[in-house]
Protein chains: 2
Amino acid sequence: MTLVVAALGGNALLRRGEPQTLEAQEANALRACRALAEMAQDHDLVVTHGNGPQVGLAALRSEAGGHHPQPLDVLGAETEGLIGYLLERGLRSVLPGRAVAALLTQVEVDRGDPAFHEPTKPIGPLYDEAAARRIADERGWSIAPDGHGWRRVVPSPSPQGILELEAIRVLVDRGVIPICAGGGGVPVIIDADGRVHGVEGVVDKDATAALLARQLQADLLLLLTDVEGVLVDYGTPAQRLLRHTTPAELRSMGLPAGSMGPKAEACARFVEATGGRAAIGRLRDAVAVARGEAGTQIGALP
Amino acid sequence: MTLVVAALGGNALLRRGEPQTLEAQEANALRACRALAEMAQDHDLVVTHGNGPQVGLAALRSEAGGHHPQPLDVLGAETEGLIGYLLERGLRSVLPGRAVAALLTQVEVDRGDPAFHEPTKPIGPLYDEAAARRIADERGWSIAPDGHGWRRVVPSPSPQGILELEAIRVLVDRGVIPICAGGGGVPVIIDADGRVHGVEGVVDKDATAALLARQLQADLLLLLTDVEGVLVDYGTPAQRLLRHTTPAELRSMGLPAGSMGPKAEACARFVEATGGRAAIGRLRDAVAVARGEAGTQIGALP
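Below is a summary of the structure that appears in this document. Along each chain, numbering runs from 1 in the same order as the chain's sequence is written. Chains and ligands are labelled sequentially in the order written, the chains with letters from A and the ligands with numbers from 1. Only residues with pLDDT of at least 70 are given local features in this predicted model, and only at 80 or more are side-chain atom pairs given and counted; all residues enter the totals for whole chains, interfaces and linings. Here the side-chain values reflect all heavy atoms present in the structure, with hydrogen atoms and water set aside.

With respect to helix H8 (residues 260-274) of chain A
Residues and elements named next belong to chain A. Every helix listed is a DSSP run of H or I at least four residues long, and every strand listed is a run of E at least two residues long, numbered separately from the N terminus. A helix is expected to span 1.5 Å for every residue after the first. Here H8 spans 21 Å end to end across 15 residues, near enough to the 21 Å set by a 1.5 Å rise per residue. Summary of the burial criterion: residues with accessible area below 20% of their type's maximum are buried, those above 50% are exposed, and those between are partly exposed, where the area comes from a 1.4 Å probe applied to protein chains only. For H8, the complete set of buried residues consists of Met-260, Gly-261, Lys-263, Ala-264, Ala-266, Cys-267, Ala-268, Phe-270 and Val-271. Turning to H8, the residues buried within the fold contact helix H6 (205-215), strand S12 (220-225), helix H7 (247-252), strand S16 (277-282) and strand S17 (296-299). Working rule for contacts: check all heavy atoms of both residues, and any pair within 4.5 Å makes them a contact.

Next comes the structure, spelled out in structure tokens:
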């Protein structure tokens, strides 16, 4: 049976412009799981997910509560519990009888990663520029433009290893669907004595999904988002979907750092390292993207 | 290799009278893991834990934040993420090279469970009576006396099944230490169509640990807490530790519902169902309790 690692955007559960309620997240989680269900019939499946909107909201809640604001590693672990719960409930609802397990996942990062001095990962809600600057001053946040507004940005160190790899492998081998590497995994460093420490950051979930897919020797890395795939001649009358490409071509396109760039890099690395296939496409078209009939395909076609 | 299911009290991480900080929880988690580490050398081990103090704090934070307060099932899932992270980090720190995995765990409960109409499970901080009554009025909480003060109480339905049992079994079979059934597991109901819904409640963690130990056919159920064991002639000059007892004797003692009663019932059920051994004792004496040299032993002695 072929193995698919499918990564869902954090926006798959908490969409821009929708009310930021639990009900909306529950409905979106169920919809996401329906899109994945057909794939789980024919393939071994590992599900990973982002947490950008959720960890940002959790940080706001933590600061507003006045009870010792929590650091980002702890908030990341809490969002793995929350999103893991919603997705596991959703998958069980659409695949009754199938074993599913959401795992808390930690990723080792390098203490010297330059990302700790250059925050780039947007989290939480969108603000207009004036509000973003005011809040950033008050709270010591870094902020950056994102789409039609501004958002808080935090360090996003590169994932070097997945601490739960062995457990994930064991579950896949026995037909369980693991939900893991949520929010890219909680970033930790391991000191010379073997002691594990959390660090403040949010890892790119596509980078971790690609690392996991490489280490599991997956056949397909599927990055599922809210856009059709990689677009060429973006914003011009000639704009069109890039249907099939190579790692080298993808890297040469100079895709934007805040959105498609990290996805392209994750796919390129996976394809180069394994000779497998990666694809980027809409979550709702997941099955067609997996079959190579929609989205952008990178590497050998099926 | 014998299989031990060890349940840690929520108070093992967030102790009464200590500052309710993350640093305190991290230090306590590491201490708890050191107490378990020696056992993990000689036995297969499954770790479960409570979440009473943490889920109560999370509920306060959620209400204070003003961003759509979260229901108890969702807060329970978040505390499984948080505590699973702290305990997994702790176990990895004291057992380098050993595979550990914290799993989000859901337990099926009965929609008609009378517990939904009789809240009994204390969560969150201790208040004096006047403060407790005022907050209860403001927020529609149920409250009850607990030790030297009053606490919020919530429904605690009885666990009927563990949704992740298969995944937990697979991990144990392959030598991974699962951290699971945190806070007794997130309570869910499954409707006629197989759809899984969360419900507002906090399951008793000892009841779920006993159910898990029965279903895994564990050799030993270990309830680790901050007291020496079951005391007889409590509060009199003749007060002493009950060293060894039977399920029938334990049930006849009329132990208090808020503390030792549920532990005694959990142990009695496990021993009756499996013929195995259960023990209640101090977390810091975990190894001696497991060997039958400390705490209260229920069932066949080792």
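Focus on the sheet that holds strand S5 (residues 121-127) of chain A
Residue and element names in this part refer to chain A. Pairing between strands requires that DSSP locate at least two bridges from one strand to the other. Spatial ordering of the open sheet is given by S5-S7-S6, a layout of 3 strands whose pairing is antiparallel. Each having just a single partner strand, S5 and strand S6 (142-146) make up the two edges of the open sheet. Ignoring strand direction, the axes of neighbouring strands in this sheet form an average angle of 40 degrees. Pairing analysis gives 4 bridges linking S5 to strand S7 (residues 149-154), with the strands arranged antiparallel. Following the sheet pairing, Tyr-127 is matched in S7 by Trp-150. Orientation is described by lines fitted to C-alpha atoms, with helices fitted over the stretch in contact, and by angles between N-to-C directions that extend from 0 to 180 degrees. Lying on the sheet, helix H4 (residues 129-139) is in contact with S5, S6 and S7; it crosses S5 at an angle near 120 degrees.

Structural notes on unusual backbone geometry
Residue and element names in this part refer to chain A. The backbone phi angle of Asp-233 is positive, close to 55 degrees, even though this residue is not glycine. When you line up the elements, Asp-233 lands in the loop between strand S13 (231-232) and strand S14 (240-241). A residue is classified by how much of its surface remains accessible, and Asp-233, at 39% relative accessible area, is partly exposed.

A word on the packing of helix H5 (residues 165-173) of chain A against helix H5 (residues 165-173) of chain B
Closest axis-to-axis distance for the H5 of chain A/H5 of chain B pair is 10 Å, and the angle between their directions is 115 degrees. Handedness of the crossing formed by H5 of chain A with H5 of chain B: right-handed. Packed against H5 of chain A, whose contacting residues are Ala-167, Val-170 and Leu-171 of chain A, the element H5 of chain B presents Ala-167, Val-170 and Leu-171 of chain B at the interface. Throughout, a crossing is termed right-handed when the near helix is turned clockwise from the far one, and left-handed when it is turned anticlockwise from it by less than a right angle.

Observations concerning the interface of chain B and chain A
Each partner contributes residues to the interface: chain B has 48 residues there, and chain A has 48 residues. Buried area adds together the accessible area that both of two parts lose upon being put together, with accessible area traced by a 1.4 Å probe. When the two sides are added together, the surface that chain B and chain A hide from each other amounts to roughly 4,200 Å², 62% of it contributed by carbon and sulfur. A carboxyl oxygen of Asp or Glu within 4 Å of a side-chain nitrogen of Lys or Arg is what we treat as a salt bridge. Where chain B packs against chain A, one counts 4 salt bridges. Of the charged contacts, one joins Asp-73 of chain A and Arg-89 of chain B as a salt bridge, the two residues approaching to 3.5 Å between their closest N and O atoms. Nitrogen and oxygen atoms within 3.5 Å of one another constitute a polar contact, given that in protein one can donate a hydrogen and the other can accept it, and given that sequence-neighbouring residues count only through two side-chain atoms. There are 13 residue pairs in polar contact (both at pLDDT 80 or more) connecting chain B and chain A. Within the residue set of the side of chain B that touches chain A, elements represented by two or more residues are helix H1 (22-42), helix H2 (52-65), helix H3 (72-94), strand S3 (100-102), H5, strand S10 (186-190) and strand S11 (196-198) of chain B. Considering each element in turn, the side of chain B that touches chain A owes the most residues, 12 residues, to H3 of chain B. For this classification, Asp, Glu, Lys and Arg are treated as charged, while Ala, Val, Leu, Ile, Met, Phe, Trp, Tyr, Cys and Pro are nonpolar and the rest, including Gly, are polar. Class assignment of the residues belonging to the side of chain B that touches chain A gives a composition of 23 nonpolar, 14 polar and 11 charged.

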